[in-house]
Amino acid sequence: MTAPVSPFDSLANTILAAGGVTGPSELHGFVCGVLSAGARPDQQRWQRELAELLQLEAVPAELNREFLELTERSLQQLGGDAFDLDLLLADDEDISTRARTLGNWCQGFLLGYGIGDNQRKLADTSSEALKDIGTIAQLDADAVEASEEAEKQLLEVQEFVRVAAMNIFTETAGAQPGAGGPTVH
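About the cut-offs
Residues numbered from 1 in each chain as written. Predicted model: local features only at pLDDT ≥ 70, side-chain atom pairs only at ≥ 80, totals over all residues. Heavy atoms only, no water. Helix = DSSP H or I, 4+ residues; strand = E, 2+ residues; numbered from the N terminus. Buried < 20%, exposed > 50% of the residue type's maximum accessible area, 1.4 Å probe, protein only. Contact = heavy atoms within 4.5 Å. Axes fitted to C-alpha atoms, helices over the stretch in contact; angles between N-to-C directions. Parallel < 35°, antiparallel > 145°, perpendicular 65-115°, else oblique. Nonpolar A, V, L, I, M, F, W, Y, C, P; charged D, E, K, R; others polar. Salt bridge = Lys/Arg side-chain N within 4 Å of Asp/Glu carboxyl O. Disulfide = S-S within 2.5 Å. pLDDT = per-residue confidence, 0-100.

Enquirer: Please clarify how the side chain of Thr101 should be interpreted in this entry.
Expert: Structurally, Thr101 can be placed in helix H5 (residues 95–116). Since its relative accessible area comes to 7%, Thr101 is described here as buried. The residues contacting Thr101, other than those within four sequence positions of it, are Phe8, Ser25, Leu89 and Ala90.

Enquirer: What is the right way to look at the packing of helix H4 (residues 61–79) against helix H7 (residues 148–172) in this model?
Expert: A pair of packed helices is characterised by two quantities: the angle between their axes and the separation of those axes. Between H4 and H7, whose axes approach to 9 Å, the crossing angle comes to 85°. Judged on the interaxial angle alone, H7 and H4 are roughly perpendicular. Mapping the contact onto sequence places Leu75, Leu78 and Gly79 in H4 and Ala165, Met166 and Phe169 in H7. Among the residues making up the contact of H4 with H7, the classes are represented as five nonpolar, one polar and no charged.

Enquirer: Looking at this structure, I do not really get the pattern of salt bridges. What am I missing?
Expert: Any two side chains of opposite charge can pair, given that their charged atoms come close. Under the definition given, this model contains seven salt bridges. In this structure, Arg100 engages Asp142 in a salt bridge whose closest nitrogen and oxygen atoms are separated by 2.4 Å. With Arg100 in helix H5 and Asp142 in the loop between helix H6 (124–137) and H7, this residue pair connects regions lying 42 residues apart in the sequence. Glu156 is the partner of Lys152 in a salt bridge, and the nearest nitrogen-oxygen pair spans 3.8 Å. In this pair, Lys152 and Glu156 are both assigned in helix H7, four residues apart and thus about one turn of the helix distant. Several salt bridges converge on common partners, so that one network encompasses Glu62, Arg65 and Glu69.

Enquirer: For this particular structure, what's the right way to read the environment of Leu56?
Expert: Residue placement: Leu56 occurs in the loop between helix H3 (43–54) and H4. Relative accessible area serves as the criterion here: at 14%, Leu56 is assigned to the buried category. Spatially, the C-alpha atom of Leu56 lies 25 Å from that of Thr97, the residues being 41 residues apart in sequence. Here Leu56 is in contact with Ala18, Gly19, Gly20, Ala51 and Leu63, once residues within four sequence places are set aside.

Enquirer: Just checking my understanding: could you explain the state of the cysteines for this structure?
Expert: Each disulfide consists of a covalent bond between the sulfur atoms of two cysteine residues. Applying the stated criterion to the full structure yields zero disulfides. Here Cys32 stays free of any disulfide, with the sulfur of Cys106 as its closest cysteine sulfur at 11 Å. In this structure Cys106 comes out as buried when scored by relative accessible area, which is 0%.

Enquirer: Is there a simple way to explain the confidence of the model for the protein chain in this structure?
Expert: Detailed reading of predicted coordinates is not advised where the pLDDT is low. Of all residues in the protein chain, 91% attain a pLDDT of 70 or more, and the chain-wide mean is 88. Mean pLDDT across the elements of the protein chain bottoms out in H3 (86) and peaks in H6 (96). Overall, residues 177–185 carries pLDDT values under 50, and its contacts beyond four positions in sequence, including any with other chains, amount to 18 contacts.

Enquirer: Would you mind going over unusual backbone geometry with me for this structure?
Expert: Leaving glycine aside, a negative phi is the common case for residues, and trans is the common case for peptide bonds. Of note, Gln55 is a non-glycine position whose phi angle comes to about 55°, a positive value. Phi angles above zero are rare outside glycine, and Asp117 is one such case at about 55°. One can find Asp117 in the loop between H5 and H6.

Here is the structure:
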């Protein structure tokens, strides 16, 4: 009996089949960044931005479906009361791979946040968190060596990024009218 395919692997396979060049973590970070900036682009804008990010001429229907599901789920998690944002990262044994996907998620978040074009001034804590996400995006994953301490540190950084993204969303997007519900259909 084969193990079920993880959401990360499923999205990676769909992106690969479409010929896209961006991984699932960066794509999820991008979605969370756009949403955290308060943007609620219409489906046509999502299509254009997704195609640009993945360097595709057009987005195949299967990839578009998975992308919209990811967007809806991310918006619910970011705006929900359960604080259950689940970063889409590789579920790999290799710590370097997991660190790389966390860095990619952070890169995507920064790109999405920039495209979302938040015009509100961030509180100092959120502004500092955004800078920290930028630092984490530059992480040299190849330099991360497997150890119990490195595992612990990676989990702490991952939790920091998760909470920082939710806080930024709450501060910017959550305060805007109509921010609580998805508008991409």
